[in-house]
Amino acid sequence: MGITLASSQAVCKARKLEWPLNEVAVGVFETKAPRGYKFYLQNRSPPQSDPVLKVTLAVSDLQKSLNYWSNLLGMKMYEKDEKKQRVLLGYADNQCKLELQGIQGAVDHAAAFGRIAFSCPQKELSDLEDLIKRENQKILTLLMSPDIPGKATVQVIILTDPDGHEICFVGDEAFRELSKMDPDGSKLLADAMAEVKRDEWFAPQNKPKASG
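Read on for a plain summary of the structure. (Residues numbered from 1 in each chain as written. Predicted model: local features only at pLDDT ≥ 70, side-chain atom pairs only at ≥ 80, totals over all residues. Heavy atoms only, no water.)

## Looking at the packing of aromatic side chains
Moving on, step 1. Overall, the coordinates contain four aromatic pairs when judged by the stated rule.
Moving on, step 2. Summarising the aromatic geometry, the rings of W69 and F118 are spaced 6.4 Å apart at their centres and angled 65° between planes, so their arrangement reads as edge-to-face. Note that W69 is positioned in helix α2 (residues 62–72) and F118 in strand β9 (residues 115–120), a separation of 49 residues in sequence.
Moving on, step 3. Between the aromatic rings of Y91 and F118, the centroid separation amounts to 5.3 Å while the plane-to-plane angle is 85°, which identifies the pairing as edge-to-face. In this pair, Y91 is assigned in the loop between β7 (86–90) and β8 (97–102) and F118 in strand β9, connecting sequence segments 27 residues apart. (Phe/Tyr/Trp six-rings, centres within 6.5 Å; stacked < 30°, edge-to-face > 60°. Helix = DSSP H or I, 4+ residues; strand = E, 2+ residues; numbered from the N terminus.)

Right, here's the structure in full:
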């Protein structure tokens, strides 16, 4: 349903670029990415830990989802508002939170299907898999170690909550290795973007690209 972040800089840039902003609360602005994904920008300096404050998911049965995310997956409950049908959860005080928002009816994922990912100690992944199996909950991808040539081997398991939201748990140690900044990253991105632009030009011209 949206990502909330604290960034006066983002609000300032949006105004400068004349990007649509809708103030939904005092100092909180709703905006949309080009494909319709919602962002809620708090017009204030970000905390030292992480400017991304929370990710909000729609759920069809708040209590059922709370049981799954809190009782089964072990997330701590920070806030609960029965009247507004919302719960705020998290694994640590200084990390991005997960907000569950109850809605009327089933969750329609439409084309916005994504995945929530968490890193955790690798040794805990097999215990998590055993727990999910014992509770007869759905596992989309059993614990596996995908081969990533030239990089760290990361263990992952992918689950799904009662509303079909996909959840990926990743072995933290290898994930840290895999997510290190590539010193050639900027050049690789620029080259890839240039290649896309070349493809866009050649396609309507009905001309083959030169090779070599």
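So that's the structure; there's more coming.
## Describing the nonpolar core
Moving on, step 1. Counting 25 residues, the largest nonpolar core has W69, L73, L100, L159, I167 and F169 as its most contacted members.
Moving on, step 2. Sorting the residues of this core by element identifies β5 (52–59), α2, β7, β8, β9, α3 (125–134), β11 (156–160) and β12 (166–171) as the ones contributing at least two each.
Moving on, step 3. With five residues, the top contributor of residues to this core is α2.
Moving on, step 4. Other than its neighbours up to four places away in sequence, I167 contacts Y68, W69, L73, R115, I116, F118, I157, I158, L159, T160 and D161.
Moving on, step 5. Residues V156, I158, C168 and V170 belong to the second largest nonpolar core, which totals six residues. (Core = buried A, V, L, I, M, F, W, Y, C linked by side-chain atoms within 4.5 Å. Buried < 20%, exposed > 50% of the residue type's maximum accessible area, 1.4 Å probe, protein only. Contact = heavy atoms within 4.5 Å.)

## Examining the environment of Q85
Moving on, step 1. Position of Q85 among the secondary structure elements: in the loop between β6 (76–81) and β7.
Moving on, step 2. For Q85, a relative accessible area of 30% translates into the label partly exposed.
Moving on, step 3. Spatially, the C-alpha atom of Q85 lies 5.0 Å from that of G102, the residues being 17 residues apart in sequence.
Moving on, step 4. Setting aside anything within four residues of it in sequence, one finds Q85 in contact with L62, L100, Q101 and G102.

## Considerations on the pattern of salt bridges
Moving on, step 1. Evaluation of the coordinates by the stated rule reveals seven salt bridges.
Moving on, step 2. Taking the shortest distance from any N to any O, the salt bridge between K80 and E82 comes out at 3.2 Å.
Moving on, step 3. Overall, the relative accessible area of 35% leaves K80 in the partly exposed class.
Moving on, step 4. The partner of E99 in a salt bridge is R86, and the shortest N-O contact between them spans 2.7 Å. Note that E99 is positioned in strand β8 and R86 in strand β7, a separation of 13 residues in sequence. R86 shares its class with E99; the two are buried.
Moving on, step 5. When salt bridges that share partners are traced, they join K54, E79, R86 and E99 into one network. (Salt bridge = Lys/Arg side-chain N within 4 Å of Asp/Glu carboxyl O.)

Function-wise, these values are silent; they only describe arrangement.
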